[in-house]
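Listed here are the chains, written in short residue letters.
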Amino acid sequence: MWTGIDLFVGFIIGPIIGHLDIPARMAFMRRFMPKMLLIMPTLVVATLTSGWQLARRLGNLTVPYPQHWWIVASFIVVGVMAIIAYVVLEPANISVLLELRKPEPNGLLIGRLMRRFIYTAGITGVMQVATLIIMTKLATW
Amino acid sequence: MSAPAGYTGDTTRSPIIALAVGAIVTAFVSVGYIAAYMPRNASLAVPIALLAASAVMSLGAIVLLTRLRSFAWRLFFNVARWVLALTFVFAAMAEYVFAYDNTRGTPLVILTIVLILAAVNIPVVLGFSVARHERVAS
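Residues numbered from 1 in each chain as written. Chains lettered and ligands numbered in written order. Predicted model: local features only at pLDDT ≥ 70, side-chain atom pairs only at ≥ 80, totals over all residues. Heavy atoms only, no water.

**Concerning the overall build of chain B**
So, point 1. When its secondary structure is counted, chain B shows 4 helices and 0 strands.
So, point 2. N-terminal to C-terminal, the α/β element order of chain B is α-α-α-α.
So, point 3. Across the 138 residues of chain B, 45% fall into the buried class.
So, point 4. Approximately 7200 Å² of chain B is accessible, and the part contributed by carbon and sulfur atoms is 69%.
So, point 5. Separation between the mean location of the 9 positive side-chain charges and that of the 4 negative ones in chain B comes to 9 Å. (Helix = DSSP H or I, 4+ residues; strand = E, 2+ residues; numbered from the N terminus. Buried < 20%, exposed > 50% of the residue type's maximum accessible area, 1.4 Å probe, protein only. Areas by Shrake-Rupley, 256 points an atom, 1.4 Å probe, with all protein chains shown as cover. Lys, Arg positive; Asp, Glu negative; His and termini not counted. Charge placed at Lys NZ, Arg CZ, Asp CG, Glu CD.)

**Quick look at the nonpolar core**
So, point 1. Of all hydrophobic cores here, the largest spans 39 residues; its most connected members are Leu65, Phe76, Val79, Ile122, Val125, Leu126 and Phe128 of chain B.
So, point 2. When residues of this core are traced back to their parent elements, those giving at least two are α1 (2-19), α2 (22-58), α3 (68-100) and α4 (107-140) of chain A together with α1 (15-36), α2 (45-66), α3 (73-100) and α4 (105-131) of chain B.
So, point 3. When residues in this core are grouped by element, the largest group, 8 residues, is from α4 of chain B.
So, point 4. Those residues in contact with Phe76 of chain B, other than ones at most four positions away along the chain, are Leu65, Phe71, Pro123, Val124, Gly127, Phe128 and Ala131 of chain B.
So, point 5. Judged by nonpolar contacts, the second largest core, of 10 residues, contains Met40, Val77, Met81 and Met127 of chain A. (Core = buried A, V, L, I, M, F, W, Y, C linked by side-chain atoms within 4.5 Å. Contact = heavy atoms within 4.5 Å.)

**A closer look at α1 of chain B**
So, point 1. Here α1 of chain B spans 30 Å end to end across 22 residues, near enough to the 32 Å set by a 1.5 Å rise per residue.
So, point 2. The N-terminus of α1 of chain B is capped by Ser14 of chain B, whose side-chain oxygen sits 3.1 Å from the backbone nitrogen of Ile16 of chain B. (Expected span 1.5 Å × (residues − 1). Polar contact = N/O pair within 3.5 Å; in protein donor to acceptor, adjacent residues only side chain to side chain.)

**Considerations on the pattern of salt bridges**
So, point 1. One pass over the structure, following the stated rule, counts 2 salt bridges over all chains.
So, point 2. In this structure, Glu99 of chain A and Lys102 of chain A form a salt bridge, with 3.2 Å as the shortest nitrogen-oxygen distance.
So, point 3. Put simply, Glu99 and Lys102 of chain A together with Glu134 of chain B are held in one network by salt bridges that share partners. (Salt bridge = Lys/Arg side-chain N within 4 Å of Asp/Glu carboxyl O.)

**Side note on the packing of α1 of chain B against α4 of chain B**
Each pair of packed helices can be summarised by the angle the axes make with each other and by the distance between the axes.
Residue and element names in this part refer to chain B.
So, point 1. Close contact between α1 and α4 brings their axes to 9 Å; oriented N to C, the two are set at 155°. Here α1 is positioned roughly antiparallel relative to α4, judged by the angle of their axes. The interaxial crossing formed by α1 with α4 has left-handed handedness. Of the residues in α4, those in contact with Ile16, Ile17, Ala20, Val21, Ala23, Ile24, Ala27, Phe28, Ser30, Val31 and Ile34 of α1 are Ile110, Leu111, Val114, Leu117, Ala118, Asn121, Ile122, Val124, Val125, Phe128 and Ser129.
So, point 2. Classifying every residue of the contact of α1 with α4 gives 19 nonpolar, 3 polar and no charged. (Axes fitted to C-alpha atoms, helices over the stretch in contact; angles between N-to-C directions. Parallel < 35°, antiparallel > 145°, perpendicular 65-115°, else oblique. Left-handed = near helix turned anticlockwise from the far one by under 90°. Nonpolar A, V, L, I, M, F, W, Y, C, P; charged D, E, K, R; others polar.)

**Considering the interface of chain B and chain A**
So, point 1. Residue-level contacts link 31 residues of chain B with 30 residues of chain A.
So, point 2. Counting the surface lost from both chain B and chain A, the interface buries some 2700 Å², and carbon and sulfur atoms represent 71% of this.
So, point 3. Across the contact surface, chain B and chain A share 1 salt bridge.
So, point 4. Lys102 of chain A is paired through a salt bridge with Glu134 of chain B; the nearest N and O atoms lie 3.1 Å apart.
So, point 5. The tally of links between chain B and chain A comes to 4 residue pairs in polar contact (both at pLDDT 80 or more).
So, point 6. Only α1, α3 and α4 of chain B provide two or more residues apiece to the side of chain B that touches chain A.
So, point 7. With 7 residues, the top contributor of residues to the side of chain B that touches chain A is α3 of chain B. (Buried area = accessible area lost by both parts, 1.4 Å probe.)

**Observations regarding the confidence of the model for chain B**
Residue and element names in this part refer to chain B.
So, point 1. Averaged over every residue, the pLDDT of chain B is 85; residues scoring 70 or more account for 91%.
So, point 2. When the elements of chain B are averaged for pLDDT, α3 gives the smallest value, 88, and α2 the largest, 94.
So, point 3. Reported confidence for the predicted complex is 0.75 by ipTM and 0.80 by pTM. (pLDDT = per-residue confidence, 0-100.)

Laid out in structure tokens, this is it:
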């Protein structure tokens with residue numbers, strides 16, 4: 001679900017928003033972002049804890065090296081994604097949301113914060129692809 | 001307080017963010033180090049050293065934060081308190097998973113400290129990152 005929502009927002013919702021005019025874009029974001037702020041952190045933690053349990057039950061955590069490098073790689077991917085989410089994406093989300101609630105939102109500030117999404121989208125995309133590769137490897141060894 | 005036209009927020013590099021993020025990263029790396037050795041028991045010297053560094057950086061971030069004068073404290077606490085509540089719920093969930101996995105002794109203590117450090121630093125990062133864009137009268 002985590003990957004699915006990321007890809008859906010990135011490839012479906014994102015381009016649609018990009019084609020809306022500014023007032024419509026702001027109206028959409030004002031309603032969309034509070035829900036994402038609640039859903040995404042909950043989904044991330046549920047995914048991590050259930051993934052850990054699944055790996056433990058399947059015995060993936062105790063495989064010897066060199067296969068164990070795949071497990072280590074999954075820790076690194078999760079760590080990078082968590083850092084990006086909490087350090088870049090979430091603060092920008094909250095800042096944009098608070099700015100949009102003002103009578104006269106600062107368009108320059110919103111634009112600058114939204115650009116961070118574009119900068120981090122590439123890293124997040126690479127991490128999503130890495131996740132899919134690791135999951136496929138773990139499922140087929 | 002509405003920002004004047006042309007103001008694009010405070011996006012300068014901040015030592016508070018650097019220290020808080022550094023604290024989160026070193027705490028995560030300490031857990032990753034232990035997990036990388038599973039099922040064998042890892043030496044605890046490296047994770048403990050990383051946790052000590054993380055604690056020092058956390059303290060540094062909080063000290064620098066308290067020394068800020070012209071800062072939107074109200075907005076900071078508005079954001080940080082809810083994020084703190086959220087991260088403590090998540091930390092409790094993770095602690096339950098570790099306990100359920102029969103993690104005991106020193107590894108459990110290390111994991112608990114990591115969760116506490118993350119639960120403290122994440123609200124600092126989010127609260128500061130949001131409040132720094134707000135202009136307040138000196």
